[in-house]
Amino acid sequence: MPYLLEDASVRESPDGALPLLSALVVLQYSGQPSGGFFKLARRAPYKRAGDDTLLWVREIEKLAEHYGGR
């Protein structure tokens with residue numbers, strides 16, 4: 001599953017300009033993304049900053065802004 005989520009994010013935004021779709025997928029027991037999401041978000045070309053919670057909240061907000069009008 002982690003590879004599918006990474007692939008979806010990379011295909012949607014290979015240059016890192018768009019929000020990561022994988023931010024929408026969370027673990028049942030915690031309600032938050034897995035560690036793999038945060039690793040992906042912090043590496044090039046995405047290079048997202050902030051602690052885990054802040055990074056995730058920002059990504060969700062960007063997703064809502066980008067896809068909300070469709």
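See the structure shown above.
This section reports on the structure supplied with the text. Along every chain, residues carry numbers that run from 1 in the direction the sequence is written. pLDDT decides what is reported in this predicted model: residues at 70 or higher carry local features, side-chain atom pairs at 80 or more are listed and counted, and totals for whole chains, interfaces and linings draw on all residues regardless. Each side-chain value is worked out from all heavy atoms of the structure, with water and hydrogens disregarded.

Turning to the overall build of the protein chain, a few remarks are in order. Numbering of helices and strands runs from the N terminus, with a helix taken as a DSSP run of H or I at least four residues long and a strand as a DSSP run of E at least two residues long. Scanning the protein chain for helices and strands turns up three helices and zero strands. Listing each helix as α and each strand as β along the protein chain from the N terminus yields α-α-α. Here the globule rule reads 2.2 Å times residues to the power 0.38, and the radius of gyration is calculated from C-alpha atoms. Against the 2.2 N^0.38 benchmark of 11 Å for 70 residues, the protein chain shows a C-alpha radius of gyration of 11 Å, consistent with a compact globule. Across its three principal axes, the protein chain shows a C-alpha extent of roughly 30 × 25 × 25 Å.

Let us look at helix H2 (residues 35-42). The cut-offs for exposure are 20% and 50% of the maximum accessible area for each residue type, with area from a 1.4 Å probe on protein chains only; residues under the lower value are buried, those over the upper are exposed, and the others partly exposed. Within H2, the full set of buried residues consists of Phe37, Phe38, Leu40 and Ala41. Each buried residue of H2 lies within a common arc of 160 degrees when the element is viewed along its axis, so the set occupies one face. Residue contacts follow a heavy-atom distance rule, with two residues in contact if any of their heavy atoms lie within 4.5 Å. Packed against the buried residues of H2 are helix H1 (2-12) and helix H3 (52-67). The reported arc concerns the directions from the helix axis to the C-beta atoms and nothing else.

What follows deals with the side chain of Glu59. Assignment of secondary structure puts Glu59 in helix H3. Those residues in contact with Glu59, other than ones at most four positions away along the chain, are Leu18, Pro19, Leu20, Ala23, Phe37 and Arg48.

Further remarks concern the pattern of salt bridges. Criterion for a salt bridge: a side-chain nitrogen of Lys or Arg within 4 Å of a carboxyl oxygen of Asp or Glu. Across all of its chains, the model carries four salt bridges by this definition. In this structure, Arg43 engages Glu6 in a salt bridge whose closest nitrogen and oxygen atoms are separated by 2.4 Å. Placement of Arg43 in the loop between H2 and H3 and of Glu6 in helix H1 is noted, with a sequence separation of 37 residues between them. Measuring nitrogen to oxygen at the nearest pair gives 2.9 Å for the salt bridge that ties Asp52 to Arg42. Placement of the pair is Asp52 in helix H3 and Arg42 in helix H2, with a sequence separation of ten residues. Exposure remark for Asp52: the relative accessible area of 35% places this residue in the partly exposed category. Overall, Arg42 belongs to the partly exposed group, its relative accessible area being 35%.

We now examine the environment of Ala23. With respect to the helices and strands, Ala23 occurs in the loop between H1 and H2. In contact with Ala23, not counting residues within four places along its chain, are Pro33, Phe37, Trp56, Glu59, Ile60 and Leu63.

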